[in-house]
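Descriptive analysis of the structure
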Amino acid sequence: MEPVHFTLAGALSAMEEGVVSSVELTEAHLRAIDTLNPTLNAYITVTADRAMDAARAADERRARGDAGPLTGAPIAIKDLFCTAGVRTTAGSKILGDFVPPYESTVTTQLLRDGAVFLGKVNLDEFAMGSSNASSAFGGVLNPWQRRDEPEARLVPGGSSGGSAAAVAARIALAATATDTGGSIRQPAAFCGIAGIKPTYGRCSRFGIVAYASSLDQAGPVARTVEDCAILLRSMAGFDPKDSTSADRAVPDFAAACHASVKGMRIGVPAEYALAGEAQALWEQGIAWLRDAGASIVPISLPHAKFALPTYYIVAPAEASSNLARYDGVRFGTRVPGEDLQDLYERTRAAGFGAEVKRRIMIGTYVLSAGYYDAYYVKAQQVRALIRRDFENAWADCDAILTPSTPTAAFAEGESQDDPVAMYLNDVFTVTANLAGLPAMSVPAGLNSQGLPLGLQVIGRGFDEQTVFSVAAAIERAAGFTALPQVMA
Ligand code: GLN
């Protein structure tokens, strides 16, 4: 088999059996990046020499009988995770030449477990977006094409568009990503791969460029549910450097992928009704889980309809505060000015793109003295109600099934001049962030244009295992084997 077509699990066992080496796997991926990245623009920075050094060290480590859980596996890192000595841009001009002196906790743990980093992958600027169009390093092309209109340039989703496109196109075995309102699940759904946003606090946020700190979570994207489970186990764990990190044991998520869903109660929220192909696929997913022995329970999330406006107050508010640090004095780009105020203004005007500026303005507005109670405090109150809806639902069900996104991938330019239309992409995903719950997108079928659609499984806090079991049951039933047209 071509080395780039291994799953992560398959590559790890093939290395263990001596069928393939990390050097062969890494070389094959670097060759595929050379061929495809000019088209896809998934990588911002390729660290070929570092990757080959790490691959050689991994093969030696395995030969010594000292392999870790990921030894030798070439993966991609979203360019939002600080990597010591390797440029970390957050998709922004303002961090265009920022080289962190330290490593994020998540990437430290991946290195500890033996992963090989191929490079840093593209994203919407500061992870704000649903199409990857807001990256200062250019958009990413989705490797899938419409059947009737193959020339249309489809977006990979966002903000983890580079992560999802790289994994779908076989130029990384798997990738790290982050999710504030859907940035793991929506690009995974658009690119026909799996991705999980774990429970808030499961993965350390230390060393991840902050967007909205009460919502941001790191998680994996990969081509199978089990591959996500393997990667998440290495990414997760308590970290004293993040005060919101949870001191919880990290379970064997991969084992949960093989557990039956017989007897599980799957909640189907009445409020999420939609039309068209996504609705049909949702009904198919319900039938698959019923056939696998789960019982289907109608549930109600009465405040879900307020989730999107709540998110678009809370997230910009936190972003406006987090992004205040990019002042031209402490990090990255500096545009000189006549005095300090002028330096701040020129630096931020030149360094931030339009979407980031829009969010900073919204955030500053909703936090301003005159509007704080009307917007920010109100949004916090509604957030509590959304969380309570889920608490009530868990009395009746063990996991919740919804579509991941209202539609399949759209083309560049479509709905991009209307920010509100773009924000609607997150309508099914933001609730899990507001409530801090684990949620996974799993590829479940193709629409009439041959484009992937995903189903979302939401679980109780710190019960990723049930999420993995249900997602794996859907994966088995769906038998999703379609491949993108642009591929290594
Ligand atoms: N699309 C959402 C936004 O633009 C979510 C982004 C994310 O999860 N990082 O904010």
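Just above sits the structure.
Rules and cut-offs
Residues numbered from 1 in each chain as written. Predicted model: local features only at pLDDT ≥ 70, side-chain atom pairs only at ≥ 80, totals over all residues. Heavy atoms only, no water. Core = buried A, V, L, I, M, F, W, Y, C linked by side-chain atoms within 4.5 Å. Buried < 20%, exposed > 50% of the residue type's maximum accessible area, 1.4 Å probe, protein only. Helix = DSSP H or I, 4+ residues; strand = E, 2+ residues; numbered from the N terminus. Contact = heavy atoms within 4.5 Å. Near = heavy atom within 4 Å. Polar contact = N/O pair within 3.5 Å; in protein donor to acceptor, adjacent residues only side chain to side chain. Areas by Shrake-Rupley, 256 points an atom, 1.4 Å probe, with all protein chains shown as cover. Nonpolar A, V, L, I, M, F, W, Y, C, P; charged D, E, K, R; others polar. Lys, Arg positive; Asp, Glu negative; His and termini not counted. Salt bridge = Lys/Arg side-chain N within 4 Å of Asp/Glu carboxyl O.

Our next topic: the nonpolar core. Judged by nonpolar contacts, the single largest core of 162 residues is most densely connected at Y43, L110, F126, F468 and I474. Among the elements that take part in this core, helix 10 (residues 307-322) stands out by supplying 9 residues, more than any other. With sequence-adjacent residues up to four places away left out, Y43 is seen in contact with I33, N37, A76, L118, G119, K120, V121, A166, I171 and A172.

Here we come to the site of the ligand. Surrounding the ligand, one finds 15 residues, the nearest of these being T180, G181, S183, Y211 and Y311. Residue G181 places a main-chain N or O atom 2.6 Å away from an oxygen atom belonging to the ligand. Contacts to the ligand include R359, whose side-chain N or O atom sits 2.8 Å from an oxygen atom. A total of 290 Å² of accessible area belongs to the ligand in isolation, and the protein chains cover 100% of it. Residues that form the shell around the ligand fall into these classes: 5 nonpolar, 7 polar and 3 charged.

In this chain, G158 is followed by S159 through a cis amide linkage whose omega measures 5°. Take S159: it is sitting in the loop between strand 3 (116-121) and helix 5 (161-168). Within the chain, A90 stands out as a residue other than glycine whose phi angle is a positive 55°. Looking at the element boundaries, A90 is found in the loop between strand 2 (74-78) and helix 4 (105-112). Judged by relative accessible area, A90 falls into the buried class, the value being 0%.

The next point concerns the side chain of D227. Along the chain, D227 turns up in helix 7 (residues 225-235). Although D227 lies buried, it forms no salt bridge, and the closest oppositely charged side chain, R223, sits 6.0 Å away as judged by the N-O distance. If near-sequence neighbours (up to four positions away) are discounted, D227 is found in contact with T7, L8, A9 and A222.

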